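Commentary on secondary and tertiary structure
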Amino acid sequence: MFFSSVGFSIVIMSIWPYLQKIDQTADASFLGWVIASFSLGQMVASPVFGLWSNYRPRKEPLIVSIFISVVANCLYAYIHVPASHNKYYMLVARGLVGFGAGNVAVVRSYIAGATSLQERISSMANTSACQALGFILGPEHRVDDSGRQCKNVNFEEASTDEVQFPQGNIDQVAVLATNVLFFVVLFIFALFETIVTPLTMDMYAWTREQAVYDGIILAALGVEAILIFMGVKLLSKKIGERAILLGGLIIVWVGFFILLPWGNQFPKIQWEELHNNSIPNTTFGEIIITLWKSPREDRNEGPTGCPIEQAWCFYTPMIHLAQFLTTAILIGVGYPSCNVTSYTLYSKILGPKPQGVYMGWLTASGSAARILGPVFISQVYTSWGPRWAFSLVCGIVVLTIMLLGVVYRRLVPFSVRHGRIQE
């Protein structure tokens, strides 16, 4: 999973220029399909691999998924060779890479089956830390903790047929609620990392060369996330995962509230000739280009600042750099806390039975969040500006906190719910 994260983060940064280079017929709308194909592939594959791992040794879907990823990346590396239709080869390659990435459901199911309730949060945090490290080094999860975990999984694989799983129904309300919580957590982070570059270029008139600072900021957040993952392992023993999840959501809300524009200082306006097609369309591909490349001429040669075609630039106060950096730090605390505790709670709610299918649906919900998050933030940001965009995000987080409050008492381990152990 560490290497999977490295491979994903390297490729994702170069898709648009690569697509333009290999196929001149590729337009903005087609880029949208290419971007979406990864998450769509993962969303389809996760339940399939999860179901497979429930009935067969987990090494089978893992090996097959890794093989698919290798083939897909080889295809991606050579899509420039054919004389025509290169963009369709890229579409297929990215979809297959996403399909191979569906093995995260198997990994989480493996950890859930190979650890006790006490070990669960520690192991999940370690996998998330490896995922974050892979994202830093690439520009997503687990290393074996100890021999004891290997022993556990050997017992599980060898003796599944002999194990008598405890009887009892899974709390489907808690399962659904946790899927929604996990979706929102990934949705929030996906939209934040998407909006970083256009926000800084609009607000601070950064050039493309200066926008490299955004990469440094995201890398710093990755380092911060590793530290938070390690801290969650210790803190969860004292206050539990539910409290950490609630605290993380509150921190995220505070971060986006701070990001709201205040004051009477306005961003620099980018005065440039307007073209008939300068107003961004709402196709998914053009939304992505708006966020990665921005609907402007080359900033290295042209003016910088907030584009004149975005009407909100004239009346929305700028977001000061101190606000932005404070928000980044807070999200760097809140997101990893919510991420690891949400799927740790999920694995405990499911209990000792095979979790492959359920973990597949959890991974699919995360994939859907990574598709919808960028679309949501780009639509609202481009049309209405950061005040509306981040106000709506604050509202979403408040609703999520309310949902967590409603189901708080139901988010307990399977064994606790059925009275086998005390919480």
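Residues numbered from 1 in each chain as written. Predicted model: local features only at pLDDT ≥ 70, side-chain atom pairs only at ≥ 80, totals over all residues. Heavy atoms only, no water.

Labelled according to an unreviewed UniProt entry, the protein chain appears under the name Major facilitator superfamily domain containing 8, originating from Lynx canadensis. Of the comments in the UniProt record for the protein chain, the one headed Subcellular location (unreviewed entry) reads "Endomembrane system". (UniProt positions renumbered as here; feature names shortened; annotations may be inferred.)

A separate point is the overall build of the protein chain. Looking only at helices and strands, the protein chain features 16 helices and two strands. Buried positions account for 54% of the 423 residues belonging to the protein chain. Approximately 19,100 Å² of the protein chain is accessible, and the part contributed by carbon and sulfur atoms is 66%. (Helix = DSSP H or I, 4+ residues; strand = E, 2+ residues; numbered from the N terminus. Buried < 20%, exposed > 50% of the residue type's maximum accessible area, 1.4 Å probe, protein only. Areas by Shrake-Rupley, 256 points an atom, 1.4 Å probe, with all protein chains shown as cover.)

Here the structure, examined in full by the defined rule, presents one disulfide. The disulfide partner of Cys306 is Cys313, and the gap between their sulfur atoms is 1.8 Å. Disulfide Cys306 to Cys313: torsion about the S-S bond roughly -55 degrees, handedness left-handed. Assessed through its relative accessible area of 0%, Cys306 is described here as buried. (Disulfide = S-S within 2.5 Å.)

Moving on to the packing of helix 9 (residues 172-204) against helix 15 (residues 386-407). Close contact between helix 9 and helix 15 brings their axes to 11 Å; oriented N to C, the two are set at 160 degrees. Our classification of the angle between helix 9 and helix 15 gives roughly antiparallel. Between helix 9 and helix 15 the crossing geometry is left-handed. Facing helix 9, whose interface residues are Ala177, Val180, Leu181, Val184, Phe187, Ile188, Leu191, Ile195, Leu199 and Met203, helix 15 presents Pro386, Phe390, Val393, Ile396, Val397, Thr400, Leu403, Leu404 and Val407. (Axes fitted to C-alpha atoms, helices over the stretch in contact; angles between N-to-C directions. Parallel < 35°, antiparallel > 145°, perpendicular 65-115°, else oblique. Left-handed = near helix turned anticlockwise from the far one by under 90°. Contact = heavy atoms within 4.5 Å.)

Right, let's talk about the pattern of salt bridges for a bit. By the definition in use, this model includes three salt bridges. For Glu60, the salt bridge is made with Arg56, and the minimal N-O distance between the two is 2.6 Å. The exposure class assigned to Arg56 is partly exposed, which follows from its relative accessible area of 46%. Among the ionic pairs, Lys348 bridges to Glu241, the shortest N-O distance being 2.7 Å. Here the residue Lys348 occupies a position in helix 13 (residues 321-350), and Glu241 occupies one in helix 11 (residues 241-258), the gap between them amounting to 107 residues. Of the two residues examined, Lys348 and Glu241, each falls in the buried class. (Salt bridge = Lys/Arg side-chain N within 4 Å of Asp/Glu carboxyl O.)

To continue, consider the side chain of Thr341. Within the secondary structure, Thr341 sits in helix 13. Under the relative-accessibility criterion, Thr341 is labelled buried at 0%. Within the structure, Thr341 has its side chain in polar contact with the backbone oxygen of Ser337 (distance 2.6 Å). For Thr341, the side chain forms a polar contact with the main-chain oxygen of Cys338, separated by 3.3 Å. Look past the residues within four positions of Thr341 in its chain and what remains in contact with it is Ile121, Val232, Glu241, Ile244 and Leu245. (Polar contact = N/O pair within 3.5 Å; in protein donor to acceptor, adjacent residues only side chain to side chain.)

To continue, consider the packing of aromatic side chains. As enumerated under the stated definition, the model contains 13 aromatic pairs in all. Relative to Tyr335, the ring of Phe189 lies with its centre 4.2 Å away and its plane at 15 degrees, an arrangement referred to as stacked. You can see Phe189 sitting in helix 9 and its partner Tyr335 sitting in helix 13, a full 146 residues away along the chain. Of the two residues examined, Phe189 and Tyr335, each falls in the buried class. (Phe/Tyr/Trp six-rings, centres within 6.5 Å; stacked < 30°, edge-to-face > 60°.)

Our focus in this paragraph is unusual backbone geometry. One non-glycine residue with positive phi stands out, namely His85, at about 60 degrees. Note on placement: His85 falls in the loop between helix 4 (59-77) and helix 5 (86-100).

Further remarks concern the nonpolar core. Counting 78 residues, the largest nonpolar core has Ile188, Phe192, Leu199, Phe256, Phe324, Val340 and Phe390 as its most contacted members. Of all the secondary structure elements, the ones that give two or more residues to this core are helix 6 (104-114), helix 7 (117-137), helix 9, helix 10 (212-239), helix 11, helix 13, helix 14 (356-384) and helix 15. For this core, the two domains that each supply at least three residues are domain 1 (1-114) and domain 2 (118-139 + 168-277 + 304-417). Those residues within four positions of Phe390 in sequence are excluded, and the remaining contacts are Ile195, Leu199, Phe256, Leu259, Leu260, Ile319 and Ile377. Leu19, Ile22, Ile79 and Ala93 belong to the second largest nonpolar core, which has nine residues in total. (Core = buried A, V, L, I, M, F, W, Y, C linked by side-chain atoms within 4.5 Å. Domains from an automatic or database assignment.)

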